[in-house]
Each structure stands twice: as structure tokens, then as C-alpha cells.
Amino acid sequence: MKILQISVFIENQSGRLYEVTNLLGKNGINIRALSLADTSDFGILRLIVNDPEKAHSMLRENGFTVGRTEVIAVEVPDKPGGLASVLKVLDENKINVEYMYAFVEMSGDCAVMIFRFDETDKALKVLSDNGINTIEGKKIYGM
Amino acid sequence: MIWNEEFETLPREALEALQLRRLQNLVERVYATVPFYKEAFDKKGVKPEDIKSLKDLRKLPFTYKQDMRDNYPYGLFAVPKEQVVRIHASSGTTGKPTVVGYTRRDIGTWAELMARTFTAAGVKKGDVLQNAYGYGLFTGGLGAHYGAELIGASVIPISGGNSAKQVMILKDFGTTAISCTPSYALNLYEVALEEGVNLKDLPVRVGVFGAEPWTNAMRKEIEEKWGIDAIDIYGLSEVMGPGVSFECVEAKNGMHINEDHFIAEIIDPETEEPLEYGQVGELVFTTITKEAIPLIRYRTRDITRLIKEPCKCGRTFVRMEKVTGRSDDMLIIRGVNVFPSQIESILVERKGVQPHYQLVVDRVGNLDTLEVQVEVGEELFSDEIKVLQSIEKGIEKDIKDIIGVSAKVKLVEPKTIQRSEGKAKRVIDKRVMK
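Okay, so let's go over this structure. (Residues numbered from 1 in each chain as written. Chains lettered and ligands numbered in written order. Predicted model: local features only at pLDDT ≥ 70, side-chain atom pairs only at ≥ 80, totals over all residues. Heavy atoms only, no water.)

## Notes on the nonpolar core
So, step 1. Counting 70 residues, the largest nonpolar core has B:Leu23, B:Phe41, B:Leu60, B:Phe118, B:Val123 and B:Phe285 as the members making the most contacts within it.
So, step 2. No other element matches helix α5 (residues 104-121) of chain B, which puts eight residues into this core.
So, step 3. Discounting chain neighbours no more than four positions away, the residues touching B:Leu60 are B:Leu23, B:Val27, B:Phe41, B:Lys44, B:Val46, B:Ile51, B:Ile296 and B:Arg297.
So, step 4. Within the second largest apolar cluster, 32 residues are counted, among which are A:Phe42, B:Ile346, B:Val374 and B:Ile403. (Core = buried A, V, L, I, M, F, W, Y, C linked by side-chain atoms within 4.5 Å. Buried < 20%, exposed > 50% of the residue type's maximum accessible area, 1.4 Å probe, protein only. Helix = DSSP H or I, 4+ residues; strand = E, 2+ residues; numbered from the N terminus. Contact = heavy atoms within 4.5 Å.)

Laid out in C-alpha cells, this is it:
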């Protein structure tokens, strides 16, 4: 299942990250998972939130450059070698991972990882063909 | 020291009589040979015979850099191509350079002007001149070269760059005079330090520096670090190249304009009305002896003022102060002419790039730096670092390829670049503030 991720362009300046999270908080938006990728000049804050549409429009209105990307939340067996077993399937099917980060909550016996693939639909099919579960948006946003 | 006593100390009255004669001759010549000028004169309703005094100069039309571009490459030439023995060009603003040509006599005139320049700086026969101006299409290298040879100096045509070798030659060849851009002189000092060479221990006595604006504070720094006299010269390829005007070592106070070859005016760049001596405005040149590509009232865009008071060196030519700015928005970065509009046209060609950008120019150590800040809009934005970085690198490459200057592109958040009520403030030049 594809889920919606919000990404925000942030200059490397003290206080900017606070401003984004503070804005989200004041507007009742809860962050479910996040990752921050950075260079010396700028960073990209990637967020899974409980209400992506609202977060998107609210950040935009406040002058941020915001993007929306479809990512996939994958259940990964919570045991040694669990992530490797998922990546092995992807590798065997020549699916490239653009980036990934962990979700804090568990889903049953599984950890949850957020994946961004260059070919999202193909990745979904490969995962499902190999019996690897993905989590739908509605569930993820409310976790 | 004066190279050409007869002309450089001509009494004002005789000089003006000579200028008028040469101007009348020029006006007749361009009217007959350059269709562009015939058309421009006709449009203003002025005929060559209307020029009866130097004051009548103001009846003539201006020539703009754009006119040279519109007539690229040879449209403004006043002689048949067979008489052109040299072609130079200045860095173009839209990819096309501004082309200038020289007849054999023009080359001689230019050498004469640079001989005056070097002599005024104290360079003479027997000196060893390390000429570190760039050779090539740029007029600096060859312009200085011919002038120095004319006075009998031993010229080392090393051109720009290759700093370690420059220092080696400074040390081994007994260089007594150097010519380059002032910032490169400071750069060479740093390299010499690294090589364990103290420039003060060398026989270098004088430096002739031009091709970019510099301050008196920078002069002091160069003079102290090198242990030399640092002399300022001025020129532009459209008018001739280096040697249009020059400082004398006696006064180091304003550059003598070679008025027997160029008539200088200062105008108000807005109203285009001529201003009095001493008033600050845009410098305009009419080249009264050039054969291949004479120019009528060429708008240099350089802002300065003319000093009429006699100089203690004895020359009667008026002097111009250091150029303090531009009436357009041109920047000189490491000797390269850069217009913000050039950067803008590179940016707008790139899909998704916002029209909001800002140029930050600074000087780090002795090198000019250019940072181009570009606001990231949604069309440009990606959640992948590598995509954004490739946009930065792509713009940097375009700027390097098209303008010829290295820049650092920095993506910034929207609305972070200051908006102004009227004209956007595109440039922050921190060099000016230092």
C-alpha cells in the first residue's frame, strides 16, 4: 500500500526545524515518523503525519516549500536478519531503494520501515508476491 | 618620467585644437564608412560639418555596448578587413563577445599609450617586466606586451595563472616590474610565502595593475607586502585596451587620460546631459585616432569624475578618479565581467527555478567569490538530496561554461531573499563594504 509522505525544504539555520515542528504541533498534527537528510547548506525533512493533506497545505501557507511523495510502509520481521531478508527480495528483483527510515511503532511482531523506491508500483508487486506485508495509509496515519 | 613629452605636456589650448581637428576628421570618416553611424547621425539630424567646436560633440549620438553586439562581429569596422591586423574581443554578456579590430597603426598607437603608461609608472629600458596579464582574446596581455617592448624593457610574456612558476621566475629572472590584476598580485604574495620567497628581498620595484577596480587600501597592502610602487591603469577593449588612462608614480592620484587619442566626457547617466569637471557621472569616450573601429561617445558605464587641476608630474591631460561603480549593474569578478542578467537567463532556462535569486560577491583571501542564492519553489523541490544537489551542480556548470566564472549555487527557502518595493536588489557586494 502506498502512503503519503510530506517533505519540507529547510535551510541549515538554527531554529528552522523547531519552527516546522512547532507549526505542526499548534495545528494538531502528530508526527508518526520522520527522517532528516542534510547537506552543508540545506536539509530535507521527511514526515509521516496523521493528516498529510492538512500538514501539506498548512506548511505551504506558512511559506515553506513542501512536497508530497508516495512511499511504502513495510513490515519487517523483528529479529536478527529481518531487514536483510526484505532487502534480499528487493535486490533479487533489481528494485532500487532511494532512501529508508524506521517507524517507531510496531505492527504486531514486526518493525515498520518506510521505503522510497524509484519504481513504487513494481516494488509493491514484488513485496506482495514474496509475502511481505505493507501497511495502508489509514492505518499508518493513526498508529 | 614622461614618454612623449611633446603630446603629454601639450598646453591645453593646443591640445583642444588637436582634439577638434581629429574629431572633425573622425566624424567625416565614420559618416562615410560605417553605415551604423551614418544612420545614427541622420536620425539625430547632425552632419559632419556641424562639428565646429569641441562643444558640438554633444550633438553626436551615443554608442552603446549593445550596438557592438547588434553589429557583431565586424559591422562597426571603418576599414576593409584586409587592413585589420589584429582582432580582440571582450567577454560577451550573452555568449557573444564584443569584437574589436586594430589596423597596424592602431597597434602602434596602443603600444605608444602603454609605453606612456609604463614610463609614468617608472618602468624603463633595462627593466625586466613580468607580464602576468592574460594573453589571448583579452586585450591585457598583448596590450601591455607591445608597450613594454617599445620602451625597451625585457618582457617575460608569462600570461596569467601558474602561480608557483610565476614566483620561480620572479626569483630567478631578476624581475624588476610586474603587470597583472591587483588581486592576482596579492595572490602571488601568498604563493611566494608558501614557497619560502619574501618578495621584498627581490629586485621588483614597481607593479602596474589594472583590469579590475581596487581601493587605495589594497594599494597600500600590495606596496607593503611586495615592497614596490603599485600603479593603477585603466582601459577597456572597446575603446583600445589597457592604457586609455594611467597613474604617474609621482602623484599616484588619478589616472591621466590620453586626451590626444580619446575625448573624455562625464555625463549624467539618467538625463544623458554632460556634466562639469569634478562632478561624478558616467565616463564617455570618443576615440579620435582609432582607425579600425572608432567609437563616437561610447558609454563605458563606469562611474567616476574628472580632475582638471594640473598634476605635479607635469602632464596636461585631465585625470580620472578610480572608478567607483557602474551605471549598469555589471560586476567584475576575478577580472571577468558579470551581469546579473546573464545569471538570470541561465536560471530561467532551468525548469522550475524561481525568478528570485541573489548574488553575493565577496573576497576571501585574495580571491573574489560568487555565491548564487536561488529560492527553491515546489516545482524544483525534490525529497531526494541528490536531485537538489544535481540542480546546484548543473547551474554551477552552466555559469562556468557560459560566463566563465566559478560560482557556488546555494538553494535557499522561498521568500528568504529580500523583496524590495522597486527594482529587486540582486547583488550584495561585500567587497565594497570591506
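## A short note on the pattern of salt bridges
Where side chains of opposite charge bring their charged atoms close, a pairing between them can arise.
So, step 1. The final tally for this structure, using the stated rule, is 44 salt bridges over all chains.
So, step 2. Its salt-bridge partner being A:Arg16, residue B:Glu413 comes within 2.1 Å of it at the nearest N-O pair. Here A:Arg16 lies in helix α1 (residues 16-26) and B:Glu413 lies in the loop between β20 (408-412) and β21 (427-429), a pairing that spans two chains.
So, step 3. Classification of B:Glu413 by relative accessible area gives buried; the value is 1%.
So, step 4. For A:Arg16, a relative accessible area of 16% gives the class buried.
So, step 5. Residue B:Arg431 is joined to B:Asp429 by a salt bridge in which the shortest nitrogen-to-oxygen separation is 3.0 Å. The exposure classification of B:Arg431 matches that of B:Asp429, with both residues buried.
So, step 6. Among the charged side chains, a salt-bridge network with shared partners connects A:Glu98, A:Arg116, B:Asp383, B:Glu384 and B:Lys386. (Salt bridge = Lys/Arg side-chain N within 4 Å of Asp/Glu carboxyl O.)

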